[in-house]
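So the chains spell out like this:
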Amino acid sequence: MPRIVGVRFKNAGKTYYFDPGSHKLDKGDYAIVETARGKEIGEIVITEKDVLEEDLVCPLKKVIRKASEADFTQAEENEKKESAAFTRCQQKIKEHGLDMKLVGVEYTFDRNKIIFYFTSEERVDFRELVKDLASIFKTRIELRQIGVRDEAKIKGGIGPCGRPFCCSTFLEAFEPVSIRMAKGQNLSLNPTKISGVCGRLMCCLRYEASSYEDARDQIPKQGQAVITPDGEGVVQDVDKNKKSVVVKLQESGYTRSFPWEEIDMVQG
């Protein structure tokens, strides 16, 4: 079986597999690898392990070398160049009167290409802008239009929960989120309550959605007859967050709350 190491190029970015060759790499080390974009520096997040060939996109590219001090210096210089390129590109966007919002700039490690990420509500003709940028930076230029979720992932920030965005800290990829997930968790459907800073449904809505789906058949519904430790009764309300039900007892007429596990549904 092929041996691989997992490499990540960005914080919360996707993990890509490479052939470690004869290099001994530990988790947390940095390595220089060959990618479709050219040479890149990335962090080892998965140490050497064997995988099945059907789980790989072959052929695997090899790790070129473990990153040196010179490589780290170049990566730092690239970051400084990205900041300057961001300012220069913004100036050119304004000069051309383009309806686009520049989000981020990324140099490839070997500086063979600069990628400018932007958002726009409309299709943008940026051909003249590309020509200007190519003449300024003397390298290949790519302008890549992204969505609002990708913008949040690149820029980062603090979510309504008071914590850093999930997408910029640990989510490697976006997964579909639906209003049905909010309904299934008995959450408020107020858009301001279930939307993230990006304006889309919060990614965290899907974290517990599967648990609620699995428990759905085990949860008694309102009006259902149940047996409790205090006798039979009828369900008045269900609290999915606290995993409890409110039952009106037949014999006493009192209403009490019981944990789900203490309730048996009456069959028939």
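Above: the structure in question.
Residues numbered from 1 in each chain as written. Predicted model: local features only at pLDDT ≥ 70, side-chain atom pairs only at ≥ 80, totals over all residues. Heavy atoms only, no water.

Looking at this structure, how should I read the layout of surface pockets?
One way to see where empty space is left: roll a probe the size of a water molecule over the atoms. Here the second largest pocket is characterised by a volume of approximately 430 Å³. In terms of lining residues, the second largest pocket is bounded by 22 residues, among which Gly159, Pro160, Phe165, Cys166 and Cys204 are the most central. Of all the elements in the fold, those that place two or more residues in the lining of the second largest pocket are helix H3 (148–155) and helix H4 (166–169). Examining the composition of the lining of the second largest pocket, we find that 3 residues originate from one element, H4, more than from any other. (1 Å grid on protein atoms, 1.4 Å probe; cavity = no way out; pocket = protein on both sides within 12 Å on 5 of 7 lines; lining within 4 Å. Points joined across faces, edges and corners; volume = space filled by probe spheres on them. Helix = DSSP H or I, 4+ residues; strand = E, 2+ residues; numbered from the N terminus.)

Just to check I follow, could you spell out the packing of helix H1 (residues 69–96) against helix H2 (residues 127–137) for this structure?
When two helices pack together, their arrangement is given by the angle between their axes and by how far apart the axes lie. Two elements in contact, H1 and H2, have axes separated by 10 Å at closest approach and are oriented at 145°. When the axes of H1 and H2 are compared, the crossing they make is right-handed. Of the residues in H2, those in contact with Ala85, Arg88, Cys89, Lys92, Ile93 and His96 of H1 are Glu128, Leu129, Asp132, Leu133, Ile136 and Phe137. Grouping the constituent residues of the contact of H1 with H2 by class yields 7 nonpolar, 1 polar and 4 charged. (Axes fitted to C-alpha atoms, helices over the stretch in contact; angles between N-to-C directions. Left-handed = near helix turned anticlockwise from the far one by under 90°. Contact = heavy atoms within 4.5 Å. Nonpolar A, V, L, I, M, F, W, Y, C, P; charged D, E, K, R; others polar.)

For this particular structure, what's the right way to read the pattern of salt bridges?
Opposite charge on two side chains allows them to pair when their charged atoms are near. This model, assessed by the stated rule, comprises 18 salt bridges. A salt bridge links Asp71 to Arg65; the nearest nitrogen and oxygen atoms lie 2.8 Å apart. When its relative accessible area of 5% is taken as the criterion, Asp71 is described as buried. What you see here is one network of salt bridges that share partners, running through Lys10, Arg37, Glu40 and Glu106. (Salt bridge = Lys/Arg side-chain N within 4 Å of Asp/Glu carboxyl O. Buried < 20%, exposed > 50% of the residue type's maximum accessible area, 1.4 Å probe, protein only.)

What exactly am I supposed to notice about unusual backbone geometry here?
Across the chain, the bulk of peptide bonds are trans and the bulk of non-glycine residues have phi less than zero. The phi dihedral of Arg111 falls on the positive side, at around 60°, and the residue is not glycine. For Arg111, the location among the structural elements is in the loop between strand S6 (101–107) and strand S7 (113–119). The phi torsion at Lys138 lies on the positive side, around 55°, for a residue other than glycine. Relative to the elements of secondary structure, Lys138 occurs in the loop between H2 and strand S8 (140–145).

Please explain the nonpolar core as it appears in this structure.
Within soluble globular proteins, side chains that are nonpolar generally end up buried alongside one another. Counting 16 residues, the largest nonpolar core has Met100, Ile114, Phe116, Leu133, Phe137, Ile141 and Leu143 as its most contacted members. Looking at this core, the elements that each hand over two or more residues are H1, S6, S7, H2 and S8. Every residue in contact with Phe137, bar those within four places of it in the chain, is listed here: Ala85, Arg88, Tyr107, Ile114 and Phe116. By size, the runner-up hydrophobic cluster in this structure holds 10 residues, among which are Val226, Val247, Leu249 and Trp260. (Core = buried A, V, L, I, M, F, W, Y, C linked by side-chain atoms within 4.5 Å.)

Where do I start with the packing of aromatic side chains in this structure?
Tallying each qualifying case throughout the model produces 6 aromatic pairs. For the ring pair Phe9 and Phe18, a centre distance of 6.2 Å and an interplane angle of 90° mean the geometry is edge-to-face. When its relative accessible area of 6% is taken as the criterion, Phe18 is described as buried. Taken together, Phe9, Tyr16 and Phe18 form an aromatic cluster joined through their ring pairs. In this arrangement the basic side chain of Lys153 is found over the ring face of Phe174, its NZ or CZ atom lying 5.8 Å from the centre. (Phe/Tyr/Trp six-rings, centres within 6.5 Å; stacked < 30°, edge-to-face > 60°. Lys NZ or Arg CZ within 6 Å of the ring centre and 35° of its normal.)

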